[in-house]
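Reading the structure
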Amino acid sequence: MTMVRNVGRSTIDRWLRVGRLPFVAATRLIPGGEGRRSAARLFVDRADATVRAAVGGFLNDVELRQDATRRRVAADERQRAAELRSDADAKRRAADEQLAQQLDATTGLRERVEGDARARLHDADRKRVDLARKAQKTAAAQARAVEQAEKKKLAAAEREAKRVRLNTLDAQAAALDQESDVLTARDEAQRLRKAAGTAKAARKGTA
């Protein structure tokens, strides 16, 4: 009986292994990623374990039932591992998405800061240019004011010099007039003296 069971178990094992090959091959062709293919392989493994358990129960084969239990436990473990991997992938994708959002936010913040800095630099340059223009205008106005003041001082000095020259010329003319009057008076006195002497001599000759 034991030999029969061993032969039956081996035959069933080979039959199940051969029978599951097309299904395992088919799972490799399932689209949608490794997750769906792993789920299909788990379905095949669970079906294999269910058949082994049913046959083991029918034949009252403890080892076949234990093998079915081990395969079911292994399938459960692979499912849990797949779920953990799926959760880890989901968390990783969420973390990547969060990191991408943070990077986008950081990039946006950096761009705004750089934009504000460029705007402030532009305003500073414009203010500096405006101040330079105002300083140039102020310096030019001051230079014109100084030049006008110098011209006024020069004109006033020239007027004063002309006035002094005119006064000097007037004084010189007055002095010349006085000198001319003196010379004229002296000539007239000499003429009168000469005329008196002539008259006196004439009177002496007639006497």
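As the structure is a computational prediction, the values presented were derived from the model and not from experiment. Residue numbers run consecutively from 1 along every chain, following the written order of its sequence. Under the rules for a predicted model, residues below a pLDDT of 70 receive no local features and side-chain atom pairs below 80 are neither given nor counted, while totals for whole chains, interfaces and linings still include all residues. Side-chain numbers come from the whole structure's heavy atoms, not from hydrogens or water.

**Thoughts on the overall build of the protein**
Condition: Runs of H or I in DSSP of at least four residues are treated as helices and runs of E of at least two as strands, each being numbered from the N terminus. Accessible area is worked out with a 1.4 Å probe on protein chains only. A residue is then buried under 20% of its type maximum, exposed over 50%, and partly exposed in between. Only heavy atoms enter the contact rule, under which two residues are in contact if any of them lie within 4.5 Å.
Within the protein one finds three helices and zero strands. Each helix and strand of the protein, ordered N terminal to C terminal, gives the series α-α-α. Taken across its 207 residues, the protein has 10% of its residues classed as buried. Across the protein, every contact between residues at least 6 apart in sequence was considered, and the portion connecting residues at least 24 apart equals 52%.

**A word on the confidence of the model for the protein**
Threshold: pLDDT measures how confident the predictor is about each residue, on a scale from 0 to 100.
Averaged over all residues, the pLDDT of the protein is 78; the fraction at 70 or higher stands at 82%. At the level of individual helices and strands, the protein shows its lowest average pLDDT in helix 1 (residues 2-27), which scores 61, and its highest in helix 3 (residues 62-206), which scores 82. The model gives residues 1-5 a pLDDT under 50, and that stretch makes three contacts with residues more than four places away or in other chains.

**With respect to the pattern of salt bridges**
For clarity, the cut-off: Salt bridges are defined by distance alone: a side-chain nitrogen of Lys or Arg within 4 Å of a carboxyl oxygen of Asp or Glu.
Scanning the model with the defined rule gives 11 salt bridges in all. The partner of Arg 80 in a salt bridge is Glu 77, with the nearest N and O atoms 2.1 Å apart. With a gap of three residues between them, Arg 80 and Glu 77 both fall in helix 3, about one helical turn apart. What makes Arg 80 partly exposed here is its relative accessible area of 40%. Using a relative accessible area of 41% as the deciding quantity, one classes Glu 77 as partly exposed. Notably, a salt bridge pairs Arg 126 with Asp 130, separated by 3.7 Å at the nearest N-O pair. Linking Arg 126 with Asp 130, this pair stays in helix 3, spanning four residues, or about one helical turn. One salt-bridge network, in which partners are shared between bridges, spans Asp 48, Asp 67, Arg 70 and Arg 71.

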